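Here is what each chain is made of, one letter per residue.
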Amino acid sequence: MPPTVAVVGGGISGLAACYHLARGPRPPKVSRDRVRGSLGGCVSSVLSPRPTTTTTSPQVSELGLEGDILPVPGDHPASRNRFLYVGGALHKLPSGLGGLLRPVSPFSQALLWSGVRDLLAPAGTEPDESVHAFVGRRFGREVADIAVDSLCRGVFAGDCRALSVRSCFPSLFQAERRRRSVLLGLALEKERGAESGLSRRARAERWSQWSLRGGMETLPQAMAAFLRPRGVEVRCQAPLRRLRRCPDGRWQLTLPDGTMTADHVISALPAAALAEVLPDEAEPLAQELRRIPAVSVAVVNLQYRGVTLPVTGFGHLVPSSEDASLLGIVYDSVAFPQHDGTGADSVRLTVMLGGAWFGQSFGDPTSVSPSRLLERAQAAVRDQLGLEPAPTRSIVRVHQACIPQYTLGHWQRTERIGQFLAKQRLPLSLIGASFAGVSVNDCIASAKAAVGQLMGGLR
Ligand SMILES: Cc1cc2nc3c(=O)[nH]c(=O)nc-3n(C[C@H](O)[C@H](O)[C@H](O)COP(=O)(O)OP(=O)(O)OC[C@H]3O[C@@H](n4cnc5c(N)ncnc54)[C@H](O)[C@@H]3O)c2cc1C
Ligand SMILES: C=Cc1c2[nH]c(c1C)Cc1[nH]c(c(CCC(=O)O)c1C)Cc1[nH]c(c(C)c1CCC(=O)O)Cc1[nH]c(c(C)c1C=C)C2
């Protein structure tokens, strides 16, 4: 009898783990539980695609979705133009050499000087540092306060003063450690892994983003369709209530409709959710997991007719000093006009609200009223993009605790977690956005690595 592996968590990480288990040469029996929401967790979107970068592409080819790819090439305005909203105005982020040599608003001096500072500054010695402190030390206070504050809001919906540079931007941290300068380190250590045909095409055509014709939710749907005929038993709407070790070392999983046993569990749950179902003897593990927080984001999709955006590009970010509650706005119709389901020209925007500032701006994410979020989003579009008319369509969604925050010391927490699992010889793998990267690519990579390790051990 092949061993049974239970995968818990129905987001992209859980699906990717099932996918890699099922396509192995001698696949174990796979059982996957998921709860609440649509397949793919945070990946699914309605009006707006969630563009990802290119390392996901091997799966896309294998799932037969290559013909549905909508690439955004490097010379497209959505690739070249990103904006910051500072001091009540939109500023295009500098690009190319010219943009670095002369002062470009909102920055008071040419960014070249920040680069020179990085080349001359001594390397840091702390084992970890906030992203803000690291960038301030290497590139100057203005870059930290405006550019990196916004970047952390546009990737982690988080506060760069609390986030860890070692865990959020490991390549920057390592570049400084190895080469003393971040720029030098990045220039010298460009790595290139094994490439699929699709990745090669993406590099040759300099895609900055891509999506799928039916939206990014097509990816988890195709993965689920791949799994069903391959003997993966999928249990939907089955929240895991309890995980217990049986006397023979196997796991017993308690679900709403009964129990099941498994030789190995791959958890793709958010850290805090896993902490709630672990057995008492794993309390030290649960305590570490509870220390990995996550923030909530309200996503408001708006569609307008008969209006024109004042700029074309990917979108704009808003630093926390300008407006803490409003993270940024993505101009979806610029990058992906094909996603207009109505067949007519329209301006489609995704307004992102809250993040690390959700509580102070809107209160409890479980009870905030959608109309309040809609009003806030519409006001931002009016003030920041000058679109006065009311939107013709709108969708408001609150994604609760959806983006884990790698705060200072995250690397030590993940190390202690790994040590506990090894010492206790727990047949448990932890994957998902809570640990080693929040992007879809990182989630898929961590699932693939965990399955590789598990299959190696089972052989
Ligand atoms: C607004 C927003 C925009 C984003 N944009 C991008 C982007 O442009 N590019 C990019 O690469 N990434 C983006 N991301 C990040 C990326 O989408 C997520 O980090 C990733 O999808 C997380 O996947 P996951 O499977 O690890 O976690 P999740 O999707 O959170 O999945 C966890 C699953 O576990 C389930 N669960 C919880 N408790 C239990 C339980 N007790 N029993 C069983 N199941 C349980 C949940 O219901 C969920 O289905 C974005 C995220 C957000 C929120
Ligand atoms: C305004 C809020 C958010 C926007 N996107 C996200 C939030 C919270 C989430 C997000 N965006 C990206 C990732 C993946 C990161 C990765 O490692 O690949 C996640 C989780 C991609 C991304 N978005 C922006 C940048 C600079 C990046 C990094 C990689 C890339 O260049 O694609 C900037 C950005 N995000 C948003 C806007 C409005 C914006 C800039 C104009 C929305």
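Thresholds, definitions, all that
Throughout, residues of each chain are indexed from 1 in the direction in which the sequence is written. Key to labels: chains lettered from A, ligands numbered from 1, both in the order written. In keeping with the model being predicted, local features are shown solely for residues with a pLDDT of at least 70 and side-chain atom pairs are shown and tallied solely at 80 or more, while totals for entire chains, interfaces and linings include all residues. Throughout, the edges of the domains are those of an automatic or database domain assignment. Two residues qualify as a contact pair if the distance between their C-beta atoms, derived from the backbone, is within 7 Å. Under the convention adopted here, Pro, Cys and the residues Ala, Val, Leu, Ile, Met, Phe, Trp and Tyr are nonpolar, Asp, Glu, Lys and Arg are charged, and Gly plus all remaining residues are polar. Buried residues are those with 20 or more other C-beta atoms within 10 Å of their own C-beta, exposed residues have 12 or fewer, and partly exposed residues lie in between; C-beta atoms are placed from the backbone. In DSSP terms, a helix is any run of H or I states spanning at least four residues, a strand is any run of E spanning at least two, and both are numbered starting from the N terminus. What makes two strands pair is DSSP finding at least two bridges between them. Here, axes are lines fitted to C-alpha atoms. For helices the fit covers the stretch in contact, and angles between N-to-C directions go from 0 to 180 degrees. Any residue whose backbone-placed C-beta atom lies within 6 Å of a molecule or strand is treated as near that molecule or strand. pLDDT is defined as a per-residue confidence score from the predictor, taking values between 0 and 100. Linking buried Ala, Val, Leu, Ile, Met, Phe, Trp, Tyr and Cys residues through C-beta atoms within 7 Å yields a set, and such a set is a nonpolar core.

A. Structural detail: the domain arrangement of the protein chain. Parsing the protein chain into structural domains produces domain 1 (4–44 + 217–291 + 407–458) and domain 2 (95–188). A straight line from the C-alpha centre of domain 1 to that of domain 2 covers 34 Å. On the domain 2 side, the residues contacting the 6 residues of domain 1 number 8 residues. Within the side of domain 1 that touches domain 2, the residues separate by chemical class into 3 nonpolar, 3 polar and no charged.

B. Structural detail: the pairing of strand E12 (residues 294–304). With 10 of its 11 residues buried, E12 lies for the most part within the structure. Pairing analysis gives 9 bridges linking E12 to strand E16 (residues 393–404), with the strands arranged antiparallel. If you follow alanine 294 over to E16, its bridge partner there is proline 404. Pairing of E12 with strand E15 (residues 347–355), which is carried by 9 bridges, proceeds in the antiparallel orientation. When the sheet's bridge partners are listed, valine 297 is paired in E15 with glycine 354.

C. Quick look at the sheet that holds strand E4 (residues 82–86). Strand order in this open sheet of 7 strands is E5-E4-E13-E14-E15-E12-E16, and the pairing throughout is mixed. One side of each edge strand has no neighbouring strand; the edge strands of this open sheet are strand E5 (89–92) and E16. Across the sheet, the axes of successive neighbouring strands diverge by a mean angle of 25°, strand direction being ignored. Here strand E13 (residues 315–317) runs beside strand E14 (residues 326–331); their pairing, made up of 3 bridges, is antiparallel. Its bridge partner lying in E14, leucine 317 is registered against glycine 328. Against the sheet, helix H7 (residues 141–155) contacts E4, E13, E14 and E15, and its axis sits at roughly 75° relative to E14. Most of the contacts of helix H17 (residues 370–385) go to E15, to which it runs at about 120°, and overall it touches E4, E12, E14, E15 and E16.

D. Summary view of the sheet that holds strand E10 (residues 258–262). The antiparallel open sheet is built from 3 strands, whose spatial order is E8-E9-E10. Two strands lie at the open edges of the sheet, namely strand E8 (242–245) and E10, each paired on one side alone. Each neighbouring strand pair of the sheet contributes to a mean axis angle of 25°, computed without reference to strand direction. Pairing of strand E9 (residues 251–255) with E10 involves 5 bridges; the strand directions are antiparallel. Paired with leucine 253 across the two strands is methionine 260, which belongs to E10.

E. Examining the pairing of E8 more closely. Of the pairings in the sheet, the one linking E8 to E9 comprises 4 bridges and is antiparallel in character. By the bridge assignment, leucine 243 is partnered in E9 with leucine 253. Between E8 and E9, which pair antiparallel one after the other, the connecting turn spans 5 residues, and glycine 249 there sits at a positive phi close to 90°.

F. The arrangement of the site of ligand 2 in detail. Around ligand 2 lies a shell of 19 residues, among which Gly154, Gly315, Gly328, Met352 and Ser439 are the nearest. Elements that contribute at least two residues to the shell around ligand 2 include exactly H7, E13 and E14. Of the residues contributing to the shell around ligand 2, the split by class is 11 nonpolar, 6 polar and 2 charged.

G. Representation of the confidence of the model for the protein chain. For the protein chain, the mean per-residue pLDDT works out to 87, and 89% of the residues sit at or above 70. A low-confidence stretch, residues 35–55 stays under pLDDT 50, and its non-local contacts, those more than four residues away or across chains, total 67 contacts. For this predicted complex, the interface confidence comes out at an ipTM of 0.95, alongside a pTM of 0.91.

H. The arrangement of unusual backbone geometry in detail. A cis amide bond, omega 10°, links serine 105 with the succeeding residue proline 106. Relative to the elements of secondary structure, proline 106 occurs in the loop between helix H4 (96–101) and helix H5 (111–120). Of note, the phi angle at alanine 401 is positive, near 40°, even though the residue is not glycine. In this structure, alanine 401 sits in strand E16.

I. Here's a closer look at the nonpolar core. The biggest cluster of nonpolar side chains holds 117 residues, and the ones touching the most others in it are Ala17, Cys18, Val131, Val148, Val300, Val351 and Leu353. Here this core gathers at least three residues from each of two domains, domain 1 (4–44 + 217–291 + 407–458) and domain 2 (95–188). Beyond its immediate stretch of four places on either side in the chain, alanine 17 contacts Val7, Ile266, Ala268, Ile431, Ala447, Ala450 and Val451.

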